[in-house]
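# Residue-level structural notes
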Amino acid sequence: MKRILFIFFLFMFAVTAKSYATYIKSAVTSPPLVTVTGQVKDAQGLPIVGANVKVKGTNIGTQTDVNGKFQLQVPDNATLVFSFLGYAEQSVPLNGQTVLNITLQENAIALQEVVAVGYGTQKRSEVTGSSSSVSAKEIAKRPITQLSQALQGTAAGVAVTSANGQPGQGPRVKIRGANSITGNNEPLYVTDGNIGAAPDDPNDVETIEILKDAASTAIYGSRGSNGVILVTTKSGHAGKTKIEFNSWVQHDQMPKHLDLMGAYDFARSVNNQFQSTGQTAAFSQAQLDNYHANGGGTDWQNALFRKAWVQYYDLAISGGSDLVKYRFSLGYLDQPGTILNTYYKRTTLKSNMDIKLNSRMDLKVILSASIPQNHNNSYGGGLGDPFNQAVEWDPTSPVRDASGAFIHHSQYASIQFNPVEQALSQADDGSATNLNATATFNYRIIKDLTFTSTDVYSLGQNYLQRFYGPGTSNFDSKSDYINNETSRFHGYLSSNFLTYKHKFGDHSITATGLYEVQSGTSMGFVARSSNLSNYNLGYYNLSLGKSQQNSSSYSSDALISYMARVNYAYKDKYYLTASIRTDGSSHLIQKYSSFPSVSVGWNAINEDFLKDSKLFSDLRIRASYGQTGNQNVGAYSTIAQILTPSSQGLYFYNGASGDGSVATPLGTGVSKSLKWETKSAYDIGIDMAFLKGRLTFTLDAYKNDIKNLLYSKNAPFYDNGGTYQANIGSLTNKGLDISLGGTPVVSGNFKWTTNLTLSINRNKLTDLGGLDNQIVGSGNNTVNAILKVGQPLGEFYGYKYLGTWKTADAAEAAKFGMKPGDARYEDVNGDHAYTSDDYQTLGNATPKFSYGFINDLTYKAFTLSFMFQGQQGSQVFSQTLAYLWGGLGDMKNATTREAVPENLWTPNNQTNNPAWSTSSHNYNNSSRYVYNSSYAKLKNLSLAYRVPAALLRKVSVNSLEVYVSGQNLFTITPYKGYDPEIDNGGNAITQGQEFGVIPNPKTYTIGIRLGL
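Residues numbered from 1 in each chain as written. Predicted model: local features only at pLDDT ≥ 70, side-chain atom pairs only at ≥ 80, totals over all residues. Heavy atoms only, no water.

## Focus: the overall build of the protein chain
Of regular secondary structure, the protein chain possesses 13 helices and 52 strands. A compact globule built from 1012 residues should have a C-alpha radius of gyration of about 31 Å, and the protein chain, at 32 Å, falls within 12% of that. Once the C-alpha set of the protein chain is aligned to its principal axes, its extents read approximately 100 × 80 × 65 Å. Sorting the 1012 residues of the protein chain into buried and exposed places 51% on the buried side. Counted over contacts in the protein chain with a minimum sequence separation of 6, partners at least 24 positions apart contribute 69%. Counting every atom, the protein chain has about 43200 Å² of accessible surface; 56% of that belongs to carbon and sulfur. Here the protein chain contributes 83 positive and 76 negative side-chain charges, whose respective centroids are spaced 8 Å apart. (Helix = DSSP H or I, 4+ residues; strand = E, 2+ residues; numbered from the N terminus. Rg over C-alpha atoms; globule rule 2.2 N^0.38 Å. Buried < 20%, exposed > 50% of the residue type's maximum accessible area, 1.4 Å probe, protein only. Contact = heavy atoms within 4.5 Å. Areas by Shrake-Rupley, 256 points an atom, 1.4 Å probe, with all protein chains shown as cover. Lys, Arg positive; Asp, Glu negative; His and termini not counted. Charge placed at Lys NZ, Arg CZ, Asp CG, Glu CD.)

## Some details on the packing of helix α4 (residues 263-276) against helix α5 (residues 285-294)
Contact geometry of α4 with α5 gives a least axis separation of 8 Å together with a crossing angle of 150°. It follows that α4 is roughly antiparallel to α5 by the angle criterion. Contact residues: α4 offers A263, Y264, A267, R268 and N271, while α5 offers L288, Y291 and H292. (Axes fitted to C-alpha atoms, helices over the stretch in contact; angles between N-to-C directions. Parallel < 35°, antiparallel > 145°, perpendicular 65-115°, else oblique.)

## Comments concerning empty space enclosed by the protein
By the definition in use, this model includes six cavities of 30 Å³ or more. One number sums up the size of the largest cavity: a volume of about 480 Å³. What lines the largest cavity is a set of 31 residues, among which T145, Q149, N968, N1000 and P1001 lie closest to the centre. Where the lining of the largest cavity is concerned, the elements lending two or more residues are β17 (239-253) and β19 (324-336). Residues that form the lining of the largest cavity fall into these classes: eight nonpolar, 19 polar and four charged. Around the second largest cavity sit 17 residues that line it, and V117, Q122, G129, A215 and S216 are the ones nearest its centre. Secondary-structure elements contributing two or more residues to the lining of the second largest cavity are β8 (114-116), β15 (205-211), α3 (214-217) and β26 (545-570). When its residues are assigned to classes, the lining of the second largest cavity shows seven nonpolar, eight polar and two charged. (1 Å grid on protein atoms, 1.4 Å probe; cavity = no way out; pocket = protein on both sides within 12 Å on 5 of 7 lines; lining within 4 Å. Points joined across faces, edges and corners; volume = space filled by probe spheres on them. Nonpolar A, V, L, I, M, F, W, Y, C, P; charged D, E, K, R; others polar.)

## Thoughts on the sheet that holds strand β16 (residues 228-233)
Working definition: the strands of a sheet are paired by backbone hydrogen bonds and lie parallel or antiparallel to each other. Within the open sheet, the five strands sit side by side as β10-β15-β16-β13-β14. Their pairing is mixed. Either end of the sheet is taken by a strand with one partner, and the two such strands are β10 (131-135) and β14 (194-195). Note: β15 against β16, six bridges, orientation antiparallel. Considered in β16, the bridge of I210 is made with I229. (Pairing = 2+ DSSP bridges.)

## Brief notes about α4
Its 14 residues place the ends of α4 20 Å apart at the C-alpha level, agreeing with the 20 Å of an ideal helix rising 1.5 Å per residue. Burial within α4 is extensive, with 10 of its 14 residues counted as buried. Where α4 is concerned, the buried positions are A263, D265, F266, A267, R268, S269, V270, N271, Q273 and F274. Buried residues belonging to α4 abut α5. Positive backbone phi, approximately 80°, marks G278, located one or two places after α4. (Expected span 1.5 Å × (residues − 1).)

## Points about a nonpolar patch on the surface
Taken together, the side chains of F862, L864, L941, L943, V964 and I1006 define a hydrophobic patch exposed on the protein surface, amounting to about 480 Å² of accessible area. Every element with two or more residues in the nonpolar patch is listed here: β45 (862-872) and β48 (935-946). With respect to the helices and strands, the residue L943 is situated in strand β48. (Patch = residues over 30% accessible without salt bridge, like charges linked within 9 Å, V, L, I, M, F, W, Y side chains within 5 Å. Salt bridge = Lys/Arg side-chain N within 4 Å of Asp/Glu carboxyl O.)

## Observations regarding the sheet that holds strand β47 (residues 930-932)
Strand order in this open sheet of three strands is β47-β46-β51, and the pairing throughout is mixed. What marks the edges here is a single partner per strand, and that holds for β47 and β51 (993-994). One ladder, built from two bridges, connects strand β46 (residues 875-878) with β51; its direction is parallel. Residue S878 lies in a different strand from β51, and its bridge partner there is E994.

## Some thoughts on the pattern of salt bridges
On inspection of all chains with the given rule, the structure shows 33 salt bridges. When the shortest N-O distance is used, the salt bridge between D354 and K364 registers 3.0 Å. Of this pair, D354 sits in strand β20 (residues 343-356) while K364 sits in strand β21 (residues 361-375); the two residues are 10 residues apart in sequence, bridging distant segments of the chain. We note a salt bridge from D583 to R581, for which the minimum N-O separation is 2.9 Å. Connected via shared salt-bridge partners are R176, K212, D618, R620, R622, D683, D687, D700 and D737.

## Focus on the nonpolar core
Core analysis: the biggest nonpolar cluster contains 46 residues, and L258, F283, F305, I339 and F387 have the highest contact counts within it. Secondary-structure elements contributing two or more residues to this core are α4, α5, β46, α12 (879-883) and β47. The greatest single-element share of this core, amounting to five residues, is contributed by α4. If sequence neighbours within four positions are ignored, F387 has contacts with M254, L304, F305, I339, Y978, G996, V997, I998 and P999. Counting residues in each nonpolar core, the second largest holds 19 residues, with V40, F70, L72 and I102 among its members. (Core = buried A, V, L, I, M, F, W, Y, C linked by side-chain atoms within 4.5 Å.)

## Digging into the pairing of β45
Where strand β44 (residues 849-859) meets β45, 11 bridges bridge the pair, whose relative direction is antiparallel. Opposite Y851, over in β45, you have G870 as the bridge partner. In this sheet, β48 lies alongside β45 in antiparallel orientation, the contact comprising 10 bridges. Its bridge partner being in β48, Q869 is matched across the sheet by K937.

## Remarks on the environment of L768
For L768, the position within the fold is in the loop between β37 (750-767) and β38 (774-776). If we skip the residues at most four places from it in the chain, L768 touches I181, I728, G729, Q774, L787 and V789.

## A few points about the pairing of β17
Pairing of β17 with strand β18 (residues 308-320) involves 12 bridges; the strand directions are antiparallel. Opposite F245, over in β18, you have L315 as the bridge partner.

## Focus: the side chain of D856
When you line up the elements, D856 lands in strand β44. Residue classification places D856 among the buried positions, given a relative accessible area of 10%. In this structure the side chain of D856 is engaged in a polar contact, spanning 2.5 Å, whose partner is the side chain of K141. A polar contact of 2.6 Å, which involves the side chain of D856, links it to the side chain of S865. Beyond its immediate chain neighbours, meaning those up to four positions away, D856 contacts K141, K751, W752, T753, T863, L864 and S865. (Polar contact = N/O pair within 3.5 Å; in protein donor to acceptor, adjacent residues only side chain to side chain.)

## Notes on the environment of Q311
Among the structural elements, Q311 can be located in strand β18. Overall, Q311 belongs to the partly exposed group, its relative accessible area being 28%. Separated by 156 residues in sequence, Q311 and F467 place their C-alpha atoms 27 Å apart. When near neighbours in sequence (up to four residues on either side) are disregarded, Q311 contacts W248, Y332, L333 and D334. At a separation of 2.6 Å, a polar atom in the side chain of Q311 contacts the side chain of Y313.

## Remarks on the packing of aromatic side chains
Per the counting criterion, the structure on display carries 39 aromatic pairs. Ring plane angle 65° and centroid distance 5.6 Å describe the contact between F70 and F82, whose orientation is recorded as edge-to-face. Of this pair, F70 sits in strand β4 (residues 69-75) while F82 sits in strand β5 (residues 79-83), placing them 12 residues apart in sequence. Residue classification places F70 among the buried residues on the basis of a relative accessible area of 5%. By relative accessible area, F82 is classed as buried at 1%. Where F796 meets F877, the ring centres are 5.5 Å apart and the plane angle is 80°; that geometry is what we call edge-to-face. One end of the pair, F796, is in strand β40 (residues 795-798); the other, F877, is in strand β46, and 81 residues separate them in sequence. (Phe/Tyr/Trp six-rings, centres within 6.5 Å; stacked < 30°, edge-to-face > 60°.)

## As for the confidence of the model for the protein chain
Per-chain confidence: the protein chain averages 87 in pLDDT, with 91% of residues scoring 70 or above. In the model of the protein chain, helix α1 (residues 2-29) stands out as the element of lowest mean pLDDT, 42, in contrast to helix α6 (residues 300-304), which has the highest, 97. Contacts of residues 1-30 to residues separated by more than four positions or lying in other chains number 26 contacts, the stretch itself having pLDDT below 50. Below a pLDDT of 50 lies the segment residues 646-653, which in the model reaches 17 contacts outside its immediate sequence neighbourhood of four places, other chains included. (pLDDT = per-residue confidence, 0-100.)

The structure is reproduced here in structure tokens:
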């Protein structure tokens, strides 16, 4: 680490010195200098902060301060160039002037803005595919730690949900719904040309371009099915050296506590249960009186949860000349979790160099390093996780006994291990070093022809250490162990393409031809030791174990690709884009597949009948069709596996020596025709802007047909059983993406900007290759999901809960072997028995629509920002809440406050909460535990203040902004659990299933942004 820092700062010093020498030299040979001052405003008269002011043809420049003002020493015959993203560039000759007040005019919704489209760029007005943008300004509004968090609520068609709220864990991202039933539905990330890589530190990001339709993503072929997120990181700019320092401190806490019984109510509830089932009361009247009088008992949520202070620091230095531009950044994140003994830490280093080799050759070199560390942040939910046990444990039991020792088990409620002891005693530690080097070389061969080569080398080293000794449930059940795991990855990517751009008359054409190869190799080693004679050394001495095991792994794959794309434009009104990509993968039997696309666009605003329109400032219509793939199968899915000897215990007899030898039998067979999932996508869209860009509207309608779905198919027993990957069935996705934004109010020093996004998605399984109605999970105490042709993904499956049998239903209940007060379910087939034949669909996890609503209110130096995000029409199947009622799995007694005796069925109070009974049949997989998970969240609320430039000049500071903010401040939802946003379903089939998942924290933040 010290060596990396030394090289980093030495290199930075050398480049800065060279840049400064160049600046001095140009200053000495320039004409006499004059001091020019002024202010840059927009059409509404508001100052533009950070506008670029540059002397034309030189590297002399500055940026406007928080009041839009600037001061610059320039040659007295200079021409100044003023520019800012989204505004038309303006050149102003001095001609003896020393004070300039400039008004920049907005481009019509920034139509001249150049955006990334994959293997090149286009003007916004020329883009015929469906895409959305997220800027660094939007990212900076929230103290985010993962790039995917910046996408939530900011782009239509993009659904971002949290798997859990643990430190260091990023949310899940889906673009336009699920495109695979069991595969990964995450989009493809491309950062500065590095395919498959997302930046570690969001503060390094300049822009994000989200490619949503197949016409945009088909150029990425077999990996573009789930959409593509193009990330461009920040670069240096010519001019004086800039130093930027950003830092925030954040206070995290649980968003809520579940309403559980205290010691008194719990004791009453247990007594009621025991007496109802013919047992002796568990707690005496004296104990009840003591609990009632003194409160007593343990609040296990308070015992396990904590309030955490998160810290983030980022330092960036940038600058350079026209020949060399640079930017170096160093970031550090320290993120403790809201559960005891958990944290995530990350150090990031990044250097970005732009070098002009000569008039025809440019070189961009990006070096980045990420060093994350984590401790116990792998809780994925489930029965034994401490977080889940915190709501299941007995409140009459203390955390420790009178001697100070932990109490391992309680007589009541959960039979699992003490959650506080488990959290404090286990150690699950990970550390990694990830290095990336990217070099992009541009060579302008002739006027219209450019060759570009992007080469990326990646290297990763991971180390994981686990300790499950004394004080853990593993030690308690005699399955204690320690282990050390190490893995190494190295990968290479080379993208080489020619770009030809030519304009003749009213016509313009851009043609791109690509050859690309990508390969990666990973290897790992695991050593495990059990039943150690001494645990004082933690996981550092594996040799102390009675039983020792080790294993190793190796995987290597490669992808080779060819792509051709043509963009044609006529009179800047009519646009056509066509592309085809061919991929060859080492993963599959059918190695090669081709993915075509075509899209058209009409820029109607350039038609004569709209050129002088007072209503429209932009009107574009787009349509596209394309195919993409999903090759998300393991590297060796087409090769039959060899089983480990211990798994079969098979031997054969060696006649020569008489010794027994271990056999290595083949595992499950494999598909003989495995190929990519293929998506055919259709999109039609319209982009409109009104009132000189003050109001914008975008609407996209799409339909996706996905075929050759990858599914883990069951193999027959004569073929060793098990499962194998196969292509079966098809799926459709259709929906609408809607965006409405603009600047509704500009008055004096006040400005209001807003953006509303709305995403509507419907999916349906249309074929499953004869495997209709596949149930995932089975049994009365297991959450079920079902794959059913004609129905959407994410269907819950089980009994329909009808409440309780009432006194008037005694005769009917008896036919089921039940009595009044027992749980009642719908008897679908009328056989007076509750079996799997009575299962039915109970709800769905996919929302009817999701939305984001972002607003910025600016008055002078103050900006108030708030963002609402939510979804409507979804359900969640909560096994956490089911277990709180007791009588399920490991839960002997209820802990939820809803289960107090007064709320349960009695002859005089016939509620729909079953009475305690030996025949109650309180099934987990029923609609009783399916909840409406619609929600609206105040995702972010922030107030920022930009310190006036007049004050900052006195201390040689260019800019200073201080802000306070809050995230997840409140949630409006009918869901009774911790957080309707999270689930631990593993794929599109089991989405929406929740069992002991840590929620997203409520946070309060204070931060600064300093520029020197």
